[in-house]
Amino acid sequence: QVQLVESGGGLVQPGGSLRVSCAASGITFSIYVMGWYRQAPGKQREMVATIDSGGSSNYADSVKGRFTISRDNAKNTVYLQMNSLEPEDTAVYYCSTNDYTGYRKNTYWGQGTQVTVSS
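Everything quoted here is computed from the prediction, not taken from an experiment.

(A) Just the pattern of salt bridges, in detail. Taken as a whole and assessed by the stated rule, the structure comprises five salt bridges. Notably, a salt bridge pairs arginine 38 with aspartate 89, separated by 2.9 Å at the nearest N-O pair. Of this pair, arginine 38 sits in strand β4 (residues 34-39) while aspartate 89 sits in the loop between β8 (77-82) and β9 (91-101), placing them 51 residues apart in sequence. Here arginine 38 matches aspartate 89 in class, with each residue buried. The partner of aspartate 61 in a salt bridge is lysine 64, with the nearest N and O atoms 3.2 Å apart.

Pasting the structure below:
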């Protein structure tokens with residue numbers, strides 16, 4: 001059974017930094033593409049960053065140059081380092097991954113961690 005558990009959210013001032021983590025279990029972590037998504041109040045969930053098994057990453061335009069996604073396969077953990085945070089980054093941040101059962105795509109989500117950027 002796949003489990004994704006996020007941690008590390010909190011309240012930070014504009015311009016500050018925060019790192020959120022996602023510990024995965026129930027998957028062969030090293031071969032999975034992992035992603036961070038976020039959902040702000042009244043808005044749709046959006047992709048923030050993804051990282052593949054080789055370490056190649058992809059970012060939303062709004063976070064490029066400020067956020068860094070990384071993974072530690074020995075710890076089955078993916079991280080999102082967030083710098084130069086802005087109030088617009090306030091959201092619940094979710095970890096996610098997918099796998100396939102035959103032709104069926106299964107998407108897994110963590111419970112989310114709240115990030116609030118405010119003075």
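After that view, the rundown keeps rolling.
(B) Fine view of the environment of glycine 112. Relative to the helices and strands, glycine 112 resides in the loop between β10 (104-109) and β11 (113-117). For glycine 112, a relative accessible area of 16% corresponds to the buried category. Between the C-alpha atoms of glycine 112 and valine 92, which are 20 residues apart in sequence, the distance is 5.8 Å. Residues within four places of glycine 112 in sequence aside, it is in contact with Glu6, Val92, Tyr93 and Tyr94.

(C) Structural context of the nonpolar core. Judged by nonpolar contacts, the single largest core of 30 residues is most densely connected at Met34, Trp36, Val78, Leu80, Met82 and Tyr93. Only β3 (18-25), β4, β5 (46-51), β7 (67-72), β8, β9 and β11 provide two or more residues apiece to this core. Ranked by residue count, the leading element in this core is β3, at four residues. Excluding residues that lie within four positions of it along the chain, tyrosine 93 makes contacts with Glu6, Trp36, Tyr37, Arg38, Val48, Phe67, Leu80, Met82, Gly112, Thr113 and Val115.

Each value, and the rule that gives it
Residues numbered from 1 in each chain as written. Predicted model: local features only at pLDDT ≥ 70, side-chain atom pairs only at ≥ 80, totals over all residues. Heavy atoms only, no water. Salt bridge = Lys/Arg side-chain N within 4 Å of Asp/Glu carboxyl O. Helix = DSSP H or I, 4+ residues; strand = E, 2+ residues; numbered from the N terminus. Buried < 20%, exposed > 50% of the residue type's maximum accessible area, 1.4 Å probe, protein only. Contact = heavy atoms within 4.5 Å. Core = buried A, V, L, I, M, F, W, Y, C linked by side-chain atoms within 4.5 Å.

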